[in-house]
Number of protein chains: 2
Amino acid sequence: MENFHIETWSGLSSGGITAVPGFKVAGIHCGIRKNKDKRDLALVLADKLCSAAAVYTTNKVKGAPIMLTIEHLKNGKARAFLCNSGNANTAAPGGLAAAVEMVNAAAKELNIKPSEIIVNSTGVIGFPLPVDAIVAGMPKLVKSLSRDNIPAAEAIMTTDTFAKSWAAQFELGGKTVTIGGIAKGSGMINPNMATMISFLATDCSISPEMLQKALKSSAAISYNQVSVDGDTSTNDMCAILASGTAKNPKIESEDEDYEKFLTALNVINLKLAKDIARDGEGATKLLICRVNGAASAEDAARLSKAVISSSLVKSAMFGADANWGRELCAMGYSGANFDPSRVDISFSSLVGDVQVCKQSTGVNFDETLAKNILSEKEITIDVGLSDGKYNAEAYGCDLTYDYVRINGDYRT
Amino acid sequence: MENFHIETWSGLSSGGITAVPGFKVAGIHCGIRKNKDKRDLALVLADKLCSAAAVYTTNKVKGAPIMLTIEHLKNGKARAFLCNSGNANTAAPGGLAAAVEMVNAAAKELNIKPSEIIVNSTGVIGFPLPVDAIVAGMPKLVKSLSRDNIPAAEAIMTTDTFAKSWAAQFELGGKTVTIGGIAKGSGMINPNMATMISFLATDCSISPEMLQKALKSSAAISYNQVSVDGDTSTNDMCAILASGTAKNPKIESEDEDYEKFLTALNVINLKLAKDIARDGEGATKLLICRVNGAASAEDAARLSKAVISSSLVKSAMFGADANWGRELCAMGYSGANFDPSRVDISFSSLVGDVQVCKQSTGVNFDETLAKNILSEKEITIDVGLSDGKYNAEAYGCDLTYDYVRINGDYRT
C-alpha cells in the first residue's frame with residue numbers, strides 16, 4: 001500500500017456511521033445481558049437499498065448468523081446491520097432458527113425484506129440465544145433509530161472498554177463522499193482473511209463487485225494485521241453498505257476514483273483496527289510493528305504479525321523490558337523468508353527511539369532510555385531487513401495480568 | 001502410535017541419564033549466573049564413542065551452538081553433551097567463536113576430539129556469552145563428573161521449577177537395555193519438528209541412521225506436541241547418545257527390536273514432554289488434549305495442539321471455567337480438516353468427568369462438578385470426532401498471572 005499518515009489524513013473524524021448522510025443507528029438494552037446498563041442490541045439502517053459487501057472469519061466453526069448473512073449477501077445488496085452482544089449464537093441449539101427469527105422480527109418492524117439484513121451475534125459460545133428478548137425489544141430498537149452512532153457502537157461491545165467509531169470524508173468527481181464505521185474487539189482477536197466485527201457505511205456510488213474488492217484489500221492491511229491473543233473467532237465479520245447518495249460518478253472499475261475510495265476505506269479500517277489492538281483484553285499499550293525492506297509483501301506482513309503476536313514479546317512490553325531477542329525469535333519462527341543475519345531492531349515512542357540490534361547482533365544501548373520509551377502507551381517496534389523493498393505494519397497489545405483475569409472467568 | 005499407558009509402563013524410573021551404565025554427569029555453577037546457588041554448566045560423558053542423533057529448532061534464527069553441533073554430528077558419532085544456562089549465545093557478538101572456545105576447553109580437559117561434543121546454550125538472547133567463566137570452570141566441571149544425574153538436570157534449567165529426569169529399562173534379544181534423559185523448559189516453548197533442550201543416553205546397540213529415525217519419530221509425538229506459549233525457541237535441541245554397551249543384537253533396520261526401542265524412547269520423551277508442559281512458565285496445571293476419531297494423524301495432532309495452545313483455553317483452565325466454546329473455536333482455526341458439526345467435548349481429571357458438548361452443541365452439565373474437575377492439577381480435554389480412526393495427544397499448561405510476571409521482566 002501507498003505510504004500515508006493516517007493520523008493526519010485531512011478528512012478524518014470520529015463521527016462513525018452517522019457521519020454518513022442517509023444512515024440511522026440505534027443501540028438498546030433488550031435483556032440478553034443481566035446488567036441493565038449494558039446495551040446489547042444494535043441496528044444500522046440505510047434510507048435505501050445499498051451495494052453491500054462483507055468478509056468473514058475463516059474459522060471452520062462459523063456462527064449461525066454468519067451463515068445466514070452469507071446467504072443474504074449473494075446478490076450484493078442490503079439495507080441494514082443487526083447485531084446483539086452477550087451471546088455468539090454459535091454451537092448453540094437451534095442457532096440458525098434463532099438467527100432467522102431475529103432477522104424476521106427486524107424486517108417486519110422496519111418493513112423491509114429479511115434478505116436485506118446483515119446479521120451477527122457476539123459473546124459466549126454454546127448457549128441458546130435468548131431470541132425472545134431480542135424479538136420483544138425490536139419495536140423499542142427501531143423507535144430509537146437516530147443520527148447518534150455511539151449507542152450502537154456500545155451495544156456491540158463485549159469486553160471492550162471504549163466505543164470504536166471513525167469517519168473519513170473526501171472528494172470524488174466533485175462530490176463529497178463519506179465513509180464511517182464502528183467496530184468491536186477485544187478478545188479472541190486474530191482475524192484471518194476477515195475480521196472481528198466492524199460495520200461500515202458510505203454514501204459512495206460503487207458497484208457491489210468493486211465494493212467487495214476494496215473491502216477485501218483493505219481488511220488485509222488493517223484487521224488481518226491485528227492480533228490480541230492469536231485466537232481467530234467464530235463470528236468475525238466486516239461488512240459495508242454503500243448507498244450511492246453522494247451522486248459521485250459510479251465506481252465500476254479499478255480507476256483513480258476506486259483508489260481514492262480505497263485510501264479512505266484504509267484510513268477508517270486502520271483507525272478501527274488500531275483501536276481494537278489498543279483496547280485488547282487487559283491491554284495497557286498499543287504495539288505497532290513496522291517491517292521495512294522485506295523480500296515480498298507477504299513476508300513483511302507475516303513478520304510484523306509474528307512479532308506482535310508473540311506472548312513473550314507482549315509480556316516484555318508489559319514490563320517495559322527491551323528484551324529484543326524475543327522479536328528476533330518470533331521472526332525466525334514466522335515461516336517468512338528473510339536473511340536472519342541482517343536484522344536491525346529499534347524501539348520508539350513519544351519520548352524517543354533506541355536501536356537495540358544491528359545486523360542481528362546486540363548493540364550497547366541506554367537501558368534507562370529504553371525503559372522510558374517502553375513505558376509509554378504506544379510503542380513502535382521497527383524492524384529493518386536487507387531483503388527487498390516491501391513494508392508492512394501489524395497491530396497488537398501487551399499481555400497483562402488483566403488478560404488472564406478477564407479470561408479466567410469470562411462466563412460469570 | 002500404539003496405545004500404551006506410559007504412567008504404568010513397567011520399566012519406568014526417575015533415574016535419568018545415570019540410570020544408563022557407562023555415562024557420567026556433572027553440573028556446576030561457573031559464574032554465568034549472578035546467583036551462586038544456581039548451577040549454570042552441565043556435562044554428560046559416555047565411556048566410549050557413541051552413535052549420536054539430534055533434532056533441532058526449525059526457527060530460522062538458530063543459536064551459534066546449534067550450528068556448531070550440526071557440523072559435529074555429520075558423522076553420526078559423539079561422546080559428550082555440554083550445555084550452559086543463563087545465556088543462549090544467540091544473536092550475540094562473536095557467538096560462533098565462543099561456542100568453539102567452550103567446546104575446545106571441554107575437549108582438552110576430557111582428552112577427546114571437539115567434534116565429539118554436542119553443545120548448546122540456553123537463556124537470554126543477544127548478549128555476549130561469558131565464555132571465560134565457562135573455560136575457567138571446566139576443570140571443576142570435569143572433576144565433578146559422577147553417577148548422579150540431578151546436578152546436570154539443574155544446570156540446564158532456566159525458569160524451570162523442578163529438574164526433569166526419566167529412565168526406561170527393557171529387554172532386547174535377551175539383554176537389558178536402558179534409556180535415560182534430562183530436559184528443560186519452561187518458556188519460549190512451542191517445539192516444531194525439534195524440541196526445547198533434552199539430552200538422552202542409552203546403552204542400546206543401534207546404528208546412527210536408525211537412532212536418528214527413532215528420535216525424529218519420537219520427538220514428533222512428544223516434544224512437538226507441547227506448547228507453553230506458542231514461541232518456538234532459537235535453541236531447541238533434542239540429542240541422544242547410544243553407546244552399544246548393552247550388547248543387544250545391533251538395530252540396523254525397522255525390525256521388532258527397533259519397535260521395542262522406539263516404544264521405550266517414546267515413554268521417556270513423553271514423560272519429559274509432559275514435565276515440560278506441567279512446569280511451563282507460571283503454570284499451575286498440566287493440560288492434556290486427546291483427540292479421537294480424526295481423518296488423519298496430522299489432523300489429530302494439529303487439532304490437539306491448537307486446543308492446548310489457545311490463550312483463551314489456557315486462561316479459562318486457570319480459572320477452572322468450563323468455557324468449552326474456546327476449544328471448539330481453536331479447533332476451527334487450526335487449519336485441520338474435520339467435520340465442525342460433529343464434535344464431542346468432555347473434561348476429566350482425578351475427581352471425575354463431564355461432557356459439555358455433543359455433536360457441536362452445548363449440553364446441560366453440572367457446573368459444580370465441572371468446576372471441581374477443572375480445579376485439579378492435571379486436566380484432560382477429550383475431543384471426539386466422527387471423521388476417521390486417528391488419535392493424538394498434546395500437552396500444555398494454563399496461562400496465569402505468573403506467566404506475565406515472569407516474562408514482564410525476564411532479564412533482571
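As the structure is a prediction and not an experimental result, all values here were calculated from the model. (Residues numbered from 1 in each chain as written. Chains lettered and ligands numbered in written order. Predicted model: local features only at pLDDT ≥ 70, side-chain atom pairs only at ≥ 80, totals over all residues. Heavy atoms only, no water.)

Concerning the overall build of chain A
Here is step 1 of the chain: Assigned secondary structure in chain A consists of 11 helices and 15 strands.
Here is step 2 of the chain: The C-alpha atoms of chain A give 21 Å as radius of gyration, which agrees with the globular expectation for 412 residues (22 Å, within 12%).
Here is step 3 of the chain: Within chain A, buried positions represent 63% of all 412 residues.
Here is step 4 of the chain: Residue pairs at least 24 apart in sequence account for 81% of intrachain contacts in chain A once pairs closer than 6 positions are excluded. (Helix = DSSP H or I, 4+ residues; strand = E, 2+ residues; numbered from the N terminus. Rg over C-alpha atoms; globule rule 2.2 N^0.38 Å. Buried < 20%, exposed > 50% of the residue type's maximum accessible area, 1.4 Å probe, protein only. Contact = heavy atoms within 4.5 Å.)

Notes on the interface of chain B and chain A
Here is step 1 of the chain: Counting residues at the interface gives 56 residues for chain B, matched by 56 residues for chain A.
Here is step 2 of the chain: Here chain B and chain A share an interface that buries about 4400 Å² over both sides, 58% of which is from carbon and sulfur atoms.
Here is step 3 of the chain: Viewed at the interface, chain A and chain B are joined by 0 salt bridges.
Here is step 4 of the chain: Inspection of the region where chain B meets chain A yields 16 residue pairs in polar contact (both at pLDDT 80 or more).
Here is step 5 of the chain: Listed by contribution, the elements that provide at least two residues to the side of chain B that touches chain A are helix 8 (311-318), helix 9 (325-332), strand 13 (361-362), helix 10 (367-374) and helix 11 (401-408) of chain B.
Here is step 6 of the chain: For the side of chain B that touches chain A, the element with the most residues is helix 11 of chain B, which contributes 6 residues.
Here is step 7 of the chain: The residue makeup of the side of chain B that touches chain A, split by class, is 24 nonpolar, 21 polar and 11 charged. (Buried area = accessible area lost by both parts, 1.4 Å probe. Salt bridge = Lys/Arg side-chain N within 4 Å of Asp/Glu carboxyl O. Polar contact = N/O pair within 3.5 Å; in protein donor to acceptor, adjacent residues only side chain to side chain. Nonpolar A, V, L, I, M, F, W, Y, C, P; charged D, E, K, R; others polar.)

Considerations on the sheet that holds strand 14 (residues 378-384) of chain B
Residue and element names in this part refer to chain B.
Here is step 1 of the chain: With respect to topology, 6 strands assemble into an open sheet ordered 13-12-11-14-10-15, the strand pairing being mixed. Here the strands that pair on one side only, and so sit at the sheet edges, are strand 13 and strand 15 (390-397).
Here is step 2 of the chain: In this structure, strand 11 (residues 344-349) lies alongside strand 14, joined through 5 bridges in antiparallel fashion. Bridging across to strand 14, Asp344 finds its partner in Gly384. (Pairing = 2+ DSSP bridges.)

Here we look at unusual backbone geometry
Here is step 1 of the chain: Here the amide bond leading from Gly185(A) into Ser186(A) is cis, since omega sits at -10°, within 30 degrees of zero.
Here is step 2 of the chain: In this structure, Ser186(A) sits in the loop between strand 7 (175-184) and strand 8 (197-202).
Here is step 3 of the chain: Even without being a glycine, Gln359(B) presents a positive backbone phi close to 50°.
Here is step 4 of the chain: Its location among the elements puts Gln359(B) in the loop between strand 12 (352-358) and strand 13.

What to know about the sheet that holds strand 13 (residues 361-362) of chain A
All names here are of chain A.
Here is step 1 of the chain: Taken in spatial order, the 6 strands line up as 13-12-11-14-10-15 in an open sheet, and their pairing is mixed. Two strands in the sheet have a free side with no partner beyond their single neighbour: strand 13 and strand 15 (390-397).
Here is step 2 of the chain: One ladder, built from 2 bridges, connects strand 12 (residues 352-358) with strand 13; its direction is antiparallel. In the sheet register, Cys357 faces strand 13, and the bridge partner there is Gly362.
Here is step 3 of the chain: The strands touched by helix 8 (residues 311-318) are strand 10 (286-294), strand 11 (344-349), strand 14 (378-384) and strand 15; relative to strand 14, the strand with the most contacts, the crossing angle is about 135°. (Axes fitted to C-alpha atoms, helices over the stretch in contact; angles between N-to-C directions.)

Some details on helix 6 (residues 256-278) of chain A
Here is step 1 of the chain: With 23 residues, helix 6 of chain A extends 33 Å from end C-alpha to end C-alpha; this agrees with the ideal 33 Å at 1.5 Å per step.
Here is step 2 of the chain: Counting buried residues in helix 6 of chain A gives 19 out of 23 residues, a clear majority hidden from the surface. (Expected span 1.5 Å × (residues − 1).)

Some words on the packing of helix 1 (residues 64-72) of chain B against helix 2 (residues 95-110) of chain B
Residues and elements named next belong to chain B.
Here is step 1 of the chain: Between helix 1 and helix 2, the least distance of the axes is 8 Å, while the angle of their chain directions is 60°. By the angle between their axes, helix 1 is oblique relative to helix 2. Of the two possible hands of crossing, helix 1 and helix 2 adopt the one that is right-handed. Of the residues in helix 2, those touching helix 1 at Ala64, Pro65, Met67, Leu68 and His72 are Gly95, Leu96, Ala99, Val100 and Val103.
Here is step 2 of the chain: Considering only residue class, the contact of helix 1 with helix 2 consists of 8 nonpolar, 2 polar and no charged. (Parallel < 35°, antiparallel > 145°, perpendicular 65-115°, else oblique. Left-handed = near helix turned anticlockwise from the far one by under 90°.)

As for the packing of helix 5 (residues 208-221) of chain B against helix 6 (residues 256-278) of chain B
Residue and element names in this part refer to chain B.
Here is step 1 of the chain: Viewed as axis vectors pointing N to C, helix 5 and helix 6 meet at an angle of 40°, and their least axial separation amounts to 9 Å. In terms of their interaxial angle, helix 5 and helix 6 are classed as oblique. For the element pair helix 5 and helix 6, the recorded crossing hand is right-handed. Along the contact surface, helix 5 presents Met210, Leu211, Lys213, Ala214, Leu215, Ser217, Ser218 and Ile221, while helix 6 presents Tyr258, Phe261, Leu262, Leu265, Asn266, Asn269 and Leu270.
Here is step 2 of the chain: Tallied by class, the residues present in the contact of helix 5 with helix 6 amount to 10 nonpolar, 4 polar and 1 charged.

Looking at the relation of the copies chain B and chain A
Here is step 1 of the chain: Taken as rigid bodies, chain B and chain A are interconverted by a rotation of 180° and an axial shift of 0.0 Å, the fit giving an RMSD of 0.0 Å. On the angle and the small slide along the axis, the relation comes out as a two-fold axis. Taking the C-alpha atom as reference, chain B places Tyr401(B) closest to the rotation axis, 2.5 Å from it.
Here is step 2 of the chain: A shared interface surface links the copies, since 100% of the contact residues of chain B are contact residues in chain A too. (Least-squares fit on C-alpha atoms with pLDDT ≥ 70 in both.)

A short note on the nonpolar core
Here is step 1 of the chain: With 86 residues, the main nonpolar core has Phe347(A) and Phe347(B) as its most contacted residues.
Here is step 2 of the chain: Setting aside residues no more than four positions away along its own chain, Phe347(B) makes contact with Met317(B), Ala322(B), Trp324(B), Glu327(B), Gly352(B), Asp353(B), Val354(B), Val356(B), Ile373(B), Leu374(B), Thr380(B) and Ile381(B).
Here is step 3 of the chain: Of all hydrophobic cores here, the second largest spans 46 residues; its members include Leu172(B), Cys204(B), Leu270(B) and Ala273(B). (Core = buried A, V, L, I, M, F, W, Y, C linked by side-chain atoms within 4.5 Å.)

Here we look at the confidence of the model for chain A
Residue and element names in this part refer to chain A.
Here is step 1 of the chain: Mean pLDDT for chain A: 92, with 97% of residues reaching 70 or above.
Here is step 2 of the chain: The least confident element of chain A, judged by mean pLDDT, is helix 11 (residues 401-408) at 87; the most confident is helix 3 (residues 131-143) at 98.
Here is step 3 of the chain: Here the prediction assigns the complex a pTM of 0.85, and the interface score ipTM is 0.83. (pLDDT = per-residue confidence, 0-100.)

Some remarks on the environment of Lys271(A)
Residues and elements named next belong to chain A.
Here is step 1 of the chain: Along the chain, Lys271 falls in helix 6.
Here is step 2 of the chain: Looking at Lys271, the relative accessible area reads 8%, which means it is buried.
Here is step 3 of the chain: Residues Lys271 and Thr400, 129 residues apart in the sequence, show an inter-C-alpha distance of 23 Å.
Here is step 4 of the chain: In contact with Lys271, other than residues within four places in its own chain, are Ile6, Glu7, Leu12 and Trp166.

Considerations on helix 3 of chain A
Residue and element names in this part refer to chain A.
Here is step 1 of the chain: If you check helix 3, its first and last C-alpha atoms are 19 Å apart, about what 13 residues at 1.5 Å a residue would give, namely 18 Å.
Here is step 2 of the chain: Regarding helix 3, the residues found buried are Val131, Ala133, Ile134, Gly137, Met138, Leu141 and Val142.
Here is step 3 of the chain: Buried residues along helix 3 sit in contact with strand 2 (23-28), strand 3 (41-56), strand 4 (77-85) and helix 2 (95-110).

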